[in-house]
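# Examining the three-dimensional arrangement
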Amino acid sequence: MKRFTIAQILYSLVGMMLILLIVVGTLGLGAARIANDGLDTVYKDRVVPLEQLKIISDMYAVNIVDTSHKARNGNITFDVAQKNVAEAVKTIDTKWKEYLSTTLVADEQKIVNDLKPLMAKADEAVKKLQAVLQDKQQDKLAEFTIKEMYPVIDPVTDKIGELVGVQL
């Protein structure tokens with residue numbers, strides 16, 4: 001130590017501290033990137049699908065079921081009802097495809113497999129609803145909403161509720 005000057009020792013200490021600071025900073029940035037990637041995955045595979053499932057459920061419950069009731073009761077015209085139902089069908093299809101493109105865990109995949117045939121039945125009922133709305137016959141609409149709509153729509157919204165539960 002006697003052969004080094006105080007200035008050299010101080011410069012060495014500052015240099016070592018600088019190197020240590022760079023190493024710790026680099027490790028911190030790497031850890032922050034990993035945490036950020038994990039949070040991004042949570043957002044893309046949990047938060048976004050929750051929104052998609054809510055929209056799908058709302059389209060069935062509001063734009064299809066409520067619209068059919070409003071048309072049956074005369075609160076909206078058959079033309080507006082047709083537009084609402086067509087919009088719901090398009091939105092359901094888009095959001096469902098988006099949902100299926102996310103990473104599904106085993107519990108979700110099981111529920112999705114159970115849900116697909118239920119959605120196919122609901123789609124058939126919606127096609128029938130669209131035909132009834134096209135015919136603009138109040139009595140057929142009343143009969144459809146009372147006898148056919150709920151038995152196919154309710155199981156779909158129940159399964160979507162199960163998917164929401166898995167997401168949460």
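Right, let's walk through the structure included here. (Residues numbered from 1 in each chain as written. Predicted model: local features only at pLDDT ≥ 70, side-chain atom pairs only at ≥ 80, totals over all residues. Heavy atoms only, no water.)

### Looking at the overall build of the chain
A count of helical and extended segments in the chain gives four helices and zero strands. Each helix and strand of the chain, placed in order from N terminus to C terminus, yields the pattern α-α-α-α. For 168 residues, the compact-globule estimate of 2.2 N^0.38 gives 15 Å, and the chain exceeds it by more than 25% at 29 Å. The principal-axis extent of the C-alpha atoms belonging to the chain is close to 105 × 30 × 20 Å. Burial status across the chain gives 29% buried among its 168 residues. Considering only intrachain contacts with a sequence separation of at least 6, the fraction spanning at least 24 residues in the chain is 80%. Carbon and sulfur atoms form 63% of the exposed surface of the chain, whose accessible area is close to 10,700 Å². (Helix = DSSP H or I, 4+ residues; strand = E, 2+ residues; numbered from the N terminus. Rg over C-alpha atoms; globule rule 2.2 N^0.38 Å. Buried < 20%, exposed > 50% of the residue type's maximum accessible area, 1.4 Å probe, protein only. Contact = heavy atoms within 4.5 Å. Areas by Shrake-Rupley, 256 points an atom, 1.4 Å probe, with all protein chains shown as cover.)

### Describing a nonpolar patch on the surface
A cluster of nonpolar side chains, contributed by Ile 6, Leu 10 and Leu 13, occupies part of the molecular surface with about 320 Å² of accessible area. Residue position: Leu 13 is located in helix α1 (residues 6-73). Judged by its relative accessible area of 46%, Leu 13 is partly exposed. (Patch = residues over 30% accessible without salt bridge, like charges linked within 9 Å, V, L, I, M, F, W, Y side chains within 5 Å. Salt bridge = Lys/Arg side-chain N within 4 Å of Asp/Glu carboxyl O.)

### Focus on the pattern of salt bridges
By the definition in use, this model includes 13 salt bridges. Glu 108 is the partner of Arg 46 in a salt bridge, and the nearest nitrogen-oxygen pair spans 3.2 Å. Of this pair, Arg 46 sits in helix α1 while Glu 108 sits in helix α3 (residues 106-135), and the two are 62 residues apart along the sequence. On the basis of relative accessibility, which here comes to 21%, the residue Arg 46 falls in the partly exposed class. The salt bridge partner of Lys 97 is Asp 93, with a shortest N-O separation of 3.3 Å. Of this pair, Lys 97 and Asp 93 both sit in helix α2 (residues 78-100), separated by four residues, roughly a single helical turn. Accessibility expressed as a relative area gives 39% for Asp 93, which makes it partly exposed. A cluster of three or more residues bridged by salt bridges with shared partners is formed by Lys 110, Asp 114, Lys 159 and Glu 162.

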